[in-house]
Amino acid sequence: MTSATKLARQELIDMVPYQSARRLQAGNGEFNSKIWLNANEAPGNGEYSVNSDCINRYPDFQPSNLIQAYSNYSGISPDNLLATRGADEGIELIIRTFCRAYQDSILICPPTYGMYAISAENHGAEVIKVPLVEQQLDLATLESKVGQTKVVFLCSPGNPTGNLLNKQDIQATIEMFADSAIVVVDEAYIEFSPEATTATWLSKYDNLIVLRTLSKAFALAGLRCGFTLANKAIIELLSKIIAPYPIAAPVAEIASRALNANGLEQMQHRAEQTQQLASSLALWLNKQTWCSQVFPTQANFVLFRCQDEQSKTFIFDCLMANNILIRDQSKQTQLECCLRISIGSEQELNQLKQTLIMSFQTQENQLKVVE
Ligand SMILES: *Cc1c(COP(=O)(O)O)cnc(C)c1O
């Protein structure tokens, strides 16, 4: 037995880490030779240069240019913002702040984003599951869990489902858990549906936290920058446990620029284009005989169900063989035979369609030959 296995927390030895798109398929410098439609990133973006004059100094704990820029964009006061290393760090901080290890639980509504359960497991928090019903919250079952959980994670627009949760259901959930749990609304994709935000409720509900990121509509997944929006008391608690210098100086510099007037205009333009491409991809998928369901989307990806397990594997493998990577979601609750395509550029999506058309033709021909 090595020191690592002898001394480590026992439950970590068998733990399976989050199967992120990049862990399943490493970039290996192949960002230009493959088509990456598996991580809900935006397609290619302009280059940013950084001014590294002060790189010998530690950055400010919360760089004020960055916080002010996000405050201007979101309409949320700087006191109610915490910049983090991606929204993922926000998830982890919330669980560590509110859940006592091996005593408290979080609640999730699958199918949903995988990191809530992974961060909980890492920290020794139980995970209570209240599955969505037809992609919406099951309020009656949620009500039955009041008192059993410390943090409730909702995702709207949802990943990997793509739809918005009914706003009155989110509100009912926040009210239901008012005295017993924090309700986190993960708004990673809110720029594709800005009117649906719940951030305007922060002053009304002191148990609400909203998560945001620059990884999706802002096209900065590689930067690792997200924001937690909450009342001052919550922000102060999270600030106690976050790393001392969470935001690297070059990150703050680039992120601030992405949030200036010009950056915001580009982001909005990108979001509109993405929505058009998503609707036309959804229409196309709907017409395919091998596709049995297309989930309505308010985000930068389309989830669809294949006729059967065999066609799902065929589609995934054909695309992979042609260097087009999408995400298999078929292991998730309720998502048997489902695949998710991130909205890349128009050219990338055309290539995906052509590849599938040709692969199915070839498959049919082969079947005919066999007959
Ligand atoms: C991508 C994503 C995140 C993580 O975003 P980062 O800021 O890149 O860490 C969080 N929640 C959901 C629902 C996501 O899809």
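A quick note: this is a predicted structure, and the numbers were derived from the prediction, not measured.

A.B. asks: Summarise the UniProt feature "modified residue: N6-(pyridoxal phosphate)lysine" (unreviewed entry) in the protein chain; cite the residues concerned and give the values.
C.D. replies: When the UniProt feature table is mapped onto this chain, "modified residue: N6-(pyridoxal phosphate)lysine" (unreviewed entry) is found at K216. Position of K216 relative to the elements: it lies in the loop between β7 (208–213) and β8 (226–229). If we skip the residues at most four places from it in the chain, K216 touches A39, N40, A42, A188, Y189, F192 and N300. Within polar-contact distance, the side chain of K216 engages the side chain of Y189 at 3.2 Å.

A.B. asks: How would you summarise the sheet that holds strand β2 (residues 81–84) if you had to cite specific residues and measurements?
C.D. replies: Pairing in this open sheet of 7 strands is mixed, and the strands run β2-β8-β7-β6-β5-β3-β4 from one edge to the other. Of all strands in the sheet, those bounded by a partner on one side alone are β2 and β4 (126–129). In this sheet, neighbouring strand axes are inclined to one another by 25 degrees on average, regardless of whether the strands run parallel or antiparallel. Sheet topology places strand β3 (residues 105–108) next to β4; 4 bridges connect them, and they run parallel. Counterpart to I106 in the pairing with β4 is V127. Of the strands in this sheet, β3, β4, β5 (151–155) and β6 (182–186) are in contact with helix α6 (residues 115–123), which crosses β3 at around 170 degrees.

A.B. asks: Which residues make up the sheet that holds strand β12 (residues 327–328), and what values do they have?
C.D. replies: With antiparallel pairing, 4 strands are arranged side by side in an open sheet as β9-β10-β13-β12. In this open sheet, the two strands that pair with only one neighbour each are β9 (291–294) and β12. Pairing of β9 with strand β10 (residues 301–306) involves 3 bridges; the strand directions are antiparallel. Counted as the bridge partner of C291 is C306 from β10. The strands touched by helix α11 (residues 261–287) within the sheet are β9, β10 and β13 (338–342), with β10 carrying the most contacts at an inclination of about 10 degrees.

A.B. asks: Pulling in residues and values, what's your account of the UniProt feature "domain: Aminotransferase class I/classII large" (unreviewed entry) in the protein chain?
C.D. replies: Mapped onto the present numbering, the UniProt feature "domain: Aminotransferase class I/classII large" (unreviewed entry) falls on residues 54–352. Secondary structure across residues 54–352 divides into 39% helix and 17% strand, with the first and last C-alpha atoms of the span separated by 44 Å.

A.B. asks: Explain the environment of A219 to me, using residue names and the numbers behind them.
C.D. replies: Among the secondary structure elements, A219 is positioned in the loop between β7 and β8. Separated by 175 residues in the primary sequence, A219 and G44 place their C-alpha atoms 8.0 Å from one another.

A.B. asks: Mind laying out the packing of helix α4 (residues 64–74) against helix α10 (residues 249–258), listing which residues take part and the relevant values?
C.D. replies: The interhelical angle for the contact between α4 and α10, taken along N-to-C directions, is 25 degrees, at an axis separation of 9 Å. Classified by the angle between their axes, α4 and α10 sit roughly parallel to one another. Where α4 crosses over α10, the handedness of that crossing is left-handed. Contacts between α4 and α10 pair N65, L66 and A69 from the former with A252, A255 and S256 from the latter. Looking at the contact of α4 with α10 residue by residue, the classes come out as 4 nonpolar, 2 polar and no charged.

A.B. asks: I'd like to hear about the site of the ligand, residue by residue, with values.
C.D. replies: Neighbouring the ligand are 13 residues; A87, D186, T213, S215 and K216 lie closest to it. Within the side chain of N159, one N or O atom sits 2.9 Å away from an oxygen atom of the ligand. In the environment of the ligand, an oxygen atom lies 2.6 Å from a nitrogen or oxygen atom belonging to the side chain of S215. With the chains in place, 94% of the 390 Å² that the ligand exposes on its own is no longer accessible.

A.B. asks: Got a sec to walk through the nonpolar core? Specific residues and values, please.
C.D. replies: Ranked by internal contacts, the top residues of the largest apolar core, which has 53 residues, are L66, L214 and L229. Broken down by element, the residue count for this core peaks at 5 residues, all from α10. Counting contributing residues per domain, this core is built from domain 1 (3–41 + 264–366) and domain 2 (64–262), each supplying no fewer than three. When residues no more than four places from it in sequence are discounted, the contact partners of L229 are Y70, I76, N80, L81, A199, L202, L208, I209, V210 and R212. M15, A120, V151 and I209 belong to the second-largest nonpolar core, a separate cluster that totals 28 residues.

A.B. asks: Mind laying out empty space enclosed by the protein, listing which residues take part and the relevant values?
C.D. replies: Counted under the stated rule, the structure contains 2 cavities of 30 Å³ or more. Reported here for the largest cavity is a volume of approximately 80 Å³. Along the walls of the largest cavity sit 14 residues, with C109, T112, L132, C155 and L165 positioned nearest its centre. What the second largest cavity holds in volume is close to 30 Å³. Looking at the second largest cavity, the residues that line it are E41, A42, P43, F192, K216, A217, R270, T274, N300 and I343. Its residues assigned to classes, the lining of the second largest cavity comprises 5 nonpolar, 2 polar and 3 charged.

Rules used in this analysis
Residues numbered from 1 in each chain as written. Predicted model: local features only at pLDDT ≥ 70, side-chain atom pairs only at ≥ 80, totals over all residues. Heavy atoms only, no water. UniProt positions renumbered as here; feature names shortened; annotations may be inferred. Helix = DSSP H or I, 4+ residues; strand = E, 2+ residues; numbered from the N terminus. Contact = heavy atoms within 4.5 Å. Polar contact = N/O pair within 3.5 Å; in protein donor to acceptor, adjacent residues only side chain to side chain. Pairing = 2+ DSSP bridges. Axes fitted to C-alpha atoms, helices over the stretch in contact; angles between N-to-C directions. Parallel < 35°, antiparallel > 145°, perpendicular 65-115°, else oblique. Left-handed = near helix turned anticlockwise from the far one by under 90°. Nonpolar A, V, L, I, M, F, W, Y, C, P; charged D, E, K, R; others polar. Near = heavy atom within 4 Å. Areas by Shrake-Rupley, 256 points an atom, 1.4 Å probe, with all protein chains shown as cover. Core = buried A, V, L, I, M, F, W, Y, C linked by side-chain atoms within 4.5 Å. Buried < 20%, exposed > 50% of the residue type's maximum accessible area, 1.4 Å probe, protein only. Domains from an automatic or database assignment. 1 Å grid on protein atoms, 1.4 Å probe; cavity = no way out; pocket = protein on both sides within 12 Å on 5 of 7 lines; lining within 4 Å. Points joined across faces, edges and corners; volume = space filled by probe spheres on them.

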